[in-house]
Amino acid sequence: MKKLFIYILLFFYVAVQLKPLTAIVNDVLAHTFFKAQHMATIHYENGKYHLHAELKDISEKNNLTPSEKAPSSQKTNDSVSLHTTPDFIFQLNKQALLSQYPTEATNALPSAFLKISSPPPKV
């Protein structure tokens, strides 16, 4: 079951990567199997270079920025500020940072490390 899932994911990954080539494959198949209908419709309407135009459209769609991909109803005007709250300026009070504790009280606290008077280890 795991192998099947991996193969399906691999297939979709390759299909997405090769999506621009679908226009070329479609044109080759149309010229090979139903050339008369293809020439009468696609070449008559779009001309000899219809495949170039299709590839250009696909590349432009792939290279759009996320803001250009959004529908026009969701696009916003960047010149208008969406934030209505004013900017606050935080001023740090230096007196609040000063310690209010006497120095004698901190000396009475037990230390976390014990002082051991011994020589260093020999290597």
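Residues numbered from 1 in each chain as written. Predicted model: local features only at pLDDT ≥ 70, side-chain atom pairs only at ≥ 80, totals over all residues. Heavy atoms only, no water.

Q: Would you mind showing me how to read the packing of helix 2 (residues 21–33) against helix 3 (residues 35–46) here?
A: Packed helix pairs are specified by the crossing angle of their axes together with the interaxial distance, meaning the distance between the axes. Running from amino to carboxyl end, helix 2 crosses helix 3 at an angle of 125°, the nearest separation of the two axes being 6 Å. By the angle class used here, helix 2 and helix 3 are oblique. Every residue of helix 3 that contacts helix 2 at D27, A30, H31 and F33 is listed here: K35, H38, M39 and H43. Residues of the contact of helix 2 with helix 3, tallied by class, amount to three nonpolar, three polar and two charged. (Axes fitted to C-alpha atoms, helices over the stretch in contact; angles between N-to-C directions. Helix = DSSP H or I, 4+ residues; strand = E, 2+ residues; numbered from the N terminus. Parallel < 35°, antiparallel > 145°, perpendicular 65-115°, else oblique. Contact = heavy atoms within 4.5 Å. Nonpolar A, V, L, I, M, F, W, Y, C, P; charged D, E, K, R; others polar.)

Q: I tried to follow helix 1 (residues 2–17) on my own but got confused; where do I start?
A: In an α-helix there are 3.6 residues to a turn, and that puts residues three or four apart on one side. When the terminal C-alpha atoms of helix 1 are compared, their 23 Å separation across 16 residues agrees well with the 22 Å that a helix rising 1.5 Å per residue should span. In terms of burial, helix 1 is a largely surface element, zero of the 16 residues being buried. (Expected span 1.5 Å × (residues − 1). Buried < 20%, exposed > 50% of the residue type's maximum accessible area, 1.4 Å probe, protein only.)

Q: Please explain a nonpolar patch on the surface as it appears in this structure.
A: Together, Y7, L10, Y13, V14, L18, L21, I24 and V28 line one region of the surface with nonpolar side chains, adding up to about 760 Å² of accessible area. Counting only elements with at least two residues in the nonpolar patch, the list comes to helix 1 and helix 2. Ranked by residues supplied to the nonpolar patch, first place goes to helix 1 with four residues. Looking at the secondary structure, you find Y7 in helix 1. Note on Y7: relative accessible area 55%, which makes it exposed. (Patch = residues over 30% accessible without salt bridge, like charges linked within 9 Å, V, L, I, M, F, W, Y side chains within 5 Å. Areas by Shrake-Rupley, 256 points an atom, 1.4 Å probe, with all protein chains shown as cover. Salt bridge = Lys/Arg side-chain N within 4 Å of Asp/Glu carboxyl O.)

Q: Just checking my understanding: could you explain the packing of helix 2 against helix 4 (residues 50–62) for this structure?
A: Interaxial distance between helix 2 and helix 4 falls to 10 Å at its minimum, and their mutual angle equals 160°. Between helix 2 and helix 4, the angle falls in the class roughly antiparallel. Here helix 2 and helix 4 pass one another in a crossing that is right-handed. Between helix 2 and helix 4, the residues in contact are A23, I24, D27 and H31 and H50, L51, E54, L55 and I58, respectively. When the residues that make up the contact of helix 2 with helix 4 are grouped by side-chain class, the tally is five nonpolar, two polar and two charged. (Left-handed = near helix turned anticlockwise from the far one by under 90°.)

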